[in-house]
Amino acid sequence: MKISTKGRYGLTLMIALAKRHGTGCVSLKTIAEENNLSDLYLEQLVGPLRNAGLIRSVRGAKGGYELKMPAEEITAGDIIRLLEGPLTIVERIESESPAQQQLWLRMRDAVKDVLDQTTLQSLAEYQEKDNLEGYMFYI
């Protein structure tokens, strides 16, 4: 399974909105500049996100985009499935041996579980030290 720039940029956009949740709207240009992304590409992603009810747009001088629901209610799986489609590791597994079919299904389920258990809130609050806890480094 490979996540395209559509899924990666969409997740980046949503994390940026989650970090600002409750502080008002933010423009796509601001998010694009802060994350070194194309604002034109981000414009293509807001339509599906808005149609799915994950974000809302506000017009005017203080307009832009904001989350429509709390970040803890949105998962990475919601965003990736919306922008990338269904999660598939291997297509047309019916011709594979039962052992291989089981492997592909277990892999798909593992990816699904990680995406569905990771909230947008946890991504927005992520600190690099969170990833290093429990590791001992020796020099």
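In the block above lies the structure referred to throughout.
Residues numbered from 1 in each chain as written. Predicted model: local features only at pLDDT ≥ 70, side-chain atom pairs only at ≥ 80, totals over all residues. Heavy atoms only, no water.

Trainee: Before we go on, may I ask you to explain the overall build of the protein in this structure?
Mentor: Secondary structure summary: the protein contains 7 helices and 2 strands in total. Shown N-terminal to C-terminal, the secondary structure of the protein runs as helices and strands in the order α-α-α-β-β-α-α-α-α. For the C-alpha atoms alone, the extent of the protein along its principal axes is close to 60 × 45 × 25 Å. Across the 139 residues of the protein, 29% fall into the buried class. A separation of at least 24 residues holds for 62% of the contacts in the protein among residues at least 6 apart in sequence. Of note, the protein has its 17 positive side-chain charges centred 5 Å away from the centre of its 19 negative side-chain charges. (Helix = DSSP H or I, 4+ residues; strand = E, 2+ residues; numbered from the N terminus. Buried < 20%, exposed > 50% of the residue type's maximum accessible area, 1.4 Å probe, protein only. Contact = heavy atoms within 4.5 Å. Lys, Arg positive; Asp, Glu negative; His and termini not counted. Charge placed at Lys NZ, Arg CZ, Asp CG, Glu CD.)

Trainee: I tried to follow the pairing of strand β1 (residues 55-58) on my own but got confused; where do I start?
Mentor: Along any regular strand the residues' side chains alternate between the sheet's two faces. Of the pairings in the sheet, the one linking β1 to strand β2 (residues 64-67) comprises 4 bridges and is antiparallel in character. Across the sheet, residue Ser57 finds its bridge partner in β2, namely Tyr65. What sits between the antiparallel neighbours β1 and β2 is a turn of 5 residues, in which Gly60 has the positive phi angle 110 degrees. (Pairing = 2+ DSSP bridges.)

Trainee: Is there a simple way to explain the nonpolar core in this structure?
Mentor: Burial of nonpolar side chains together is a common tendency in soluble globular proteins. Counting residues in each nonpolar core, the largest one holds 30 residues, and the members touching the most others are Met14, Leu17, Leu67 and Leu120. Secondary-structure elements contributing two or more residues to this core are α1 (5-19), α2 (28-35), α3 (39-51), β2, α4 (76-84) and α6 (120-124). When residues in this core are grouped by element, the largest group, 7 residues, is from α1. In this view, Leu17 contacts Val26, Ile31, Ile55, Tyr65, Glu66 and Leu67; residues no more than four positions away in its chain are not counted. (Core = buried A, V, L, I, M, F, W, Y, C linked by side-chain atoms within 4.5 Å.)

Trainee: Please clarify how the pattern of salt bridges should be interpreted in this entry.
Mentor: A side chain with one charge can pair with a side chain of the opposite charge if their charged atoms come near. One pass over the structure, following the stated rule, counts 5 salt bridges. Taking the shortest distance from any N to any O, the salt bridge between Glu34 and Arg20 comes out at 2.6 Å. Of the two residues, Glu34 sits in helix α2 while Arg20 sits in the loop between α1 and α2, which places them 14 residues apart along the sequence. Of the charged contacts in the structure, one is a salt bridge between Asp109 and Arg108, with a shortest N-O distance of 2.8 Å. Judged by relative accessible area, Asp109 falls into the partly exposed class, the value being 31%. With a relative accessible area of 30%, Arg108 lands in the partly exposed category. Each of Arg81, Lys112 and Asp116 takes part in a single network of salt bridges with overlapping partners. (Salt bridge = Lys/Arg side-chain N within 4 Å of Asp/Glu carboxyl O.)

Trainee: I'm lost on the packing of aromatic side chains in this one. Help?
Mentor: How two aromatic rings sit relative to each other is given by the distance of their centres and the angle of their planes. Applying the stated criterion across every chain yields a total of 1 aromatic pair. Their ring planes at 85 degrees and their centres at 5.2 Å tell us that Tyr9 and Tyr41 sit as a pair that is edge-to-face. With Tyr9 in helix α1 and Tyr41 in helix α3, this pair connects stretches of sequence that are 32 residues apart. (Phe/Tyr/Trp six-rings, centres within 6.5 Å; stacked < 30°, edge-to-face > 60°.)

Trainee: How should the packing of α4 against helix α5 (residues 98-117) be read in this particular structure?
Mentor: When two helices pack together, their arrangement is given by the angle between the helix axes and the distance between those axes. Two numbers describe how α4 lies on α5: the axes approach to 5 Å, and their chain directions differ by 115 degrees. Of α5, the residues touching α4 (which contributes Ala76, Gly77, Ile80 and Arg81) are Lys112, Leu115 and Asp116. When its residues are assigned to classes, the contact of α4 with α5 shows 3 nonpolar, 1 polar and 3 charged. (Axes fitted to C-alpha atoms, helices over the stretch in contact; angles between N-to-C directions. Nonpolar A, V, L, I, M, F, W, Y, C, P; charged D, E, K, R; others polar.)

Trainee: Mind showing me how you'd approach the packing of α1 against α3 here?
Mentor: Contact geometry for α1 and α3: axes closest at 10 Å, N-to-C directions at 80 degrees. It follows that α1 is roughly perpendicular to α3 by the angle criterion. Residues Thr5, Lys6, Tyr9, Gly10, Leu13 and Met14 of α1 pack against Tyr41, Leu42, Leu45, Val46 and Leu49 of α3. Here the residues of the contact of α1 with α3 are counted per class, giving 8 nonpolar, 2 polar and 1 charged. (Parallel < 35°, antiparallel > 145°, perpendicular 65-115°, else oblique.)

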